[in-house]
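# Architecture and fold: a report
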Amino acid sequence: MNRVASRLRLGILKCDTFADPIRARFGDVDAQFRKLLALSASSPRFSKLEIDTKTFDCKQSELPTPPQFADYDGFIITGSRNSVNETDTWVGSLKDCIRALDRDRKKIFGVCFGHQAVASALGGSVGPNPKGWQLSRHTFSLNPDLARSKDACIDIMCLNKEIVSSMPREFSVLGSNALCDVQGMVKGNQICTIQGHPEFSGELLSALISSRRGIIPDSVIDDGLSRASLPVDHAFLSEFLLTFMTHPLDSPDPFWKDIHWNRAKDNN
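Residues numbered from 1 in each chain as written. Predicted model: local features only at pLDDT ≥ 70, side-chain atom pairs only at ≥ 80, totals over all residues. Heavy atoms only, no water.

## What to know about the overall build of the protein chain
For the record, the criterion: Numbered from the N terminus, helices here are DSSP runs of H or I no shorter than four residues, and strands are runs of E no shorter than two. Note on method: radius of gyration uses C-alpha positions; expected globular size equals 2.2 Å times residues raised to 0.38. We call a residue buried when its accessible area falls under 20% of the maximum for its residue type, exposed when it is over 50%, and partly exposed in between, using a 1.4 Å probe and counting protein chains only. The contact definition used throughout considers only heavy atoms, calling two residues in contact when any of these lie within 4.5 Å. Asp and Glu are treated as the negative residues and Lys and Arg as the positive ones, with His and the ends of the chain left uncounted. Lys charges are placed at NZ, Arg charges at CZ, Asp charges at CG and Glu charges at CD.
Within the protein chain, the secondary structure is distributed over 9 helices and 11 strands. Taking 2.2 N^0.38 as the reference for a compact globule, 268 residues should give roughly 18 Å; the C-alpha atoms of the protein chain span a radius of gyration of 17 Å, in line with that estimate. Along the longest, intermediate and shortest principal axes, the C-alpha atoms of the protein chain span 50 × 45 × 35 Å. Counting the 268 residues in the protein chain, one finds 57% classified as buried. Considering only intrachain contacts with a sequence separation of at least 6, the fraction spanning at least 24 residues in the protein chain is 74%. Separation between the mean location of the 32 positive side-chain charges and that of the 32 negative ones in the protein chain comes to 2 Å.

This is how it looks when you write it as structure tokens:
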């Protein structure tokens, strides 16, 4: 197992803003990731790790520039209500930034919209899921070549109607389920993405989907609310993210070899 550095500097590329009532209750989009990272403070492996974050508001044309890349060990790209196929200027600028980060071999962790933005920017494709919404708590099976187990899976909150329909070259599937073949992607030790929301609690997910009646069908929302209190793998996903970010980029061993796949399930 690789030694963990004492400090980690992360840029959070924030791609949305919660509505005022939700932000007042839970904090904004970027705050969820700081909460997720903090869950590993009690982990023996990461208890002494100092984590510094800086938020870039992508919708306000805030993006790191190549001269700034070296100031960060990696970047997290958040979710968004927008589609990566939209032609808004900020979406195009984000994709340009992703391509620049890839060329500079910076670590990227993409979540939901961020997962799809990475795929779209680097040569993959994203489109509507013919199976409909993937909403609330879902389980996906991990690629057995990565997890070294045929039974490893992740329980996670989801909120998406679009999916990665084809991956860029050089990427491998992280996991899949009956609703989506590409629940995440990895490119060596440099890029990792996930379709679900590791940063969402069931309480936050319930508030978000309840606020979207009239946009999401009531039957889908009601089904999602019925499963939102089921347990998800918060602590595991926190350690997963930090293991990825702290693993040496040029290590001959892939970061997933340091993951403890067999673990007790978390409470939501």
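Okay, back to it.
## Things to note about the pattern of salt bridges
Cut-off, in case you're wondering: The salt bridge criterion pairs a side-chain nitrogen of Lys or Arg with a carboxyl oxygen of Asp or Glu, the two atoms within 4 Å.
Enumeration according to the criterion identifies 18 salt bridges in this entry. The salt bridge involving Asp-16 is made with Lys-59; its shortest N-O contact spans 3.4 Å. In this pair, Asp-16 sits in the loop between strand S1 (7-14) and helix H1 (20-26) while Lys-59 sits in the loop between strand S2 (50-57) and helix H3 (66-69), placing the two residues 43 residues apart along the sequence. For Asp-16, a relative accessible area of 6% corresponds to the buried category. Since its relative accessible area comes to 32%, Lys-59 is described here as partly exposed. For Arg-45, the salt bridge goes to Asp-258, with nearest N and O atoms at 3.6 Å. With Arg-45 in the loop between helix H2 (29-38) and S2 and Asp-258 in the segment after helix H9 (234-246), the pair connects residues that are 213 residues apart, well separated along the chain. Judged by relative accessible area, which is 8%, Asp-258 ranks as buried. Three or more residues joined by partner-sharing salt bridges are found here, namely Lys-14, Asp-28 and Asp-57.

## A few points about helix H5 (residues 113-121)
Counted residue by residue, H5 has 9 buried out of 9 residues, so it is predominantly covered. In the segment just after H5, Gly-123 is the residue with positive phi, at about 110°.

## Focus on the side chain of His-247
Selection criterion: Within 3.5 Å is the distance limit for a polar contact, defined as a pair of N or O atoms, with the added protein rule that one can donate a hydrogen and the other accept it, and that residues adjacent in sequence qualify only through two side-chain atoms.
On the secondary structure map, His-247 appears in the segment after H9. Since its relative accessible area comes to 3%, His-247 is described here as buried. Looking at His-247, its side chain comes within polar contact range of the side chain of Asp-258, at 3.1 Å.

## Digging into the sheet that holds strand S10 (residues 180-187)
What counts, and what does not: A strand pair is defined by DSSP finding two or more bridges across the two strands. Each axis is a line fitted through C-alpha atoms, and for a helix only the stretch in contact is used; angles between axes span 0 to 180 degrees, taken between their N-to-C directions.
One open sheet accounts for 9 strands, arranged S2-S1-S3-S4-S11-S10-S9-S6-S7; its pairing is mixed. Each edge of the open sheet carries a strand with a single partner, namely S2 and strand S7 (153-160). Strand-to-strand twist of the sheet, defined as the mean angle between neighbouring strand axes without regard to direction, takes the value 25°. Sitting on the sheet, H2 touches S1, S2, strand S3 (74-77) and strand S4 (107-111), and the angle it makes with S1 is about 155°.

## Looking at the layout of surface pockets
Operational definition: A cavity here means a set of points on a 1 Å grid, drawn over the protein atoms and nothing else, where a 1.4 Å probe fits but cannot get out; a pocket is an open set with protein on both sides within 12 Å along at least five of seven lines, and a residue lines either one if it has an atom within 4 Å of a point. Grid points are joined across faces, edges and corners, and a volume is the space filled by probe spheres set on the points. Gly is placed with the polar residues, together with every amino acid not listed as nonpolar (Ala, Val, Leu, Ile, Met, Phe, Trp, Tyr, Cys and Pro) or charged (Asp, Glu, Lys and Arg).
Here the largest pocket defines a volume of roughly 430 Å³. Every residue lining the largest pocket is counted, 25 residues in all, and those nearest its centre are Ser-80, Arg-81, Asn-82, Leu-159 and Arg-212. Of all elements in the fold, only H2, H5 and S7 reach the threshold of two or more residues within the lining of the largest pocket. Taken together, the residues that form the lining of the largest pocket break down as 10 nonpolar, 9 polar and 6 charged.

## What about the environment of Gly-124?
One can find Gly-124 in the loop between H5 and strand S5 (125-128). Among the residues examined, Gly-124 registers a relative accessible area of 17% and is labelled buried. A sequence separation of 41 residues divides Gly-124 from Ser-165, and the C-alpha atoms of the two residues are 7.6 Å apart. When residues no more than four places from it in sequence are discounted, the contact partners of Gly-124 are Ala-119, Ser-166, Met-167 and Pro-168.

## Brief notes about the nonpolar core
What counts is decided by this rule: Remark: nonpolar core denotes a set of buried residues (Ala, Val, Leu, Ile, Met, Phe, Trp, Tyr, Cys) joined through side-chain atoms within 4.5 Å.
In terms of nonpolar packing, the biggest core is built from 34 residues, with Phe-109, Phe-240 and Met-245 touching the most fellow members. Mapped onto this core, the elements with two or more residues apiece are S1, H2, S4, strand S6 (134-142), helix H6 (144-147), S7, strand S11 (191-194) and H9. Top contributing element to this core by residue count: H9, with 7 residues. Apart from the residues within four sequence positions on either side, Phe-109 is in contact with Phe-75, Ile-76, Ile-77, Cys-192, Ile-194, Pro-198, Phe-240, Leu-241, Phe-244 and Met-245. Core analysis: the second largest hydrophobic core is formed by 30 residues, Cys-58, Phe-75, Cys-97 and Ile-191 among them.

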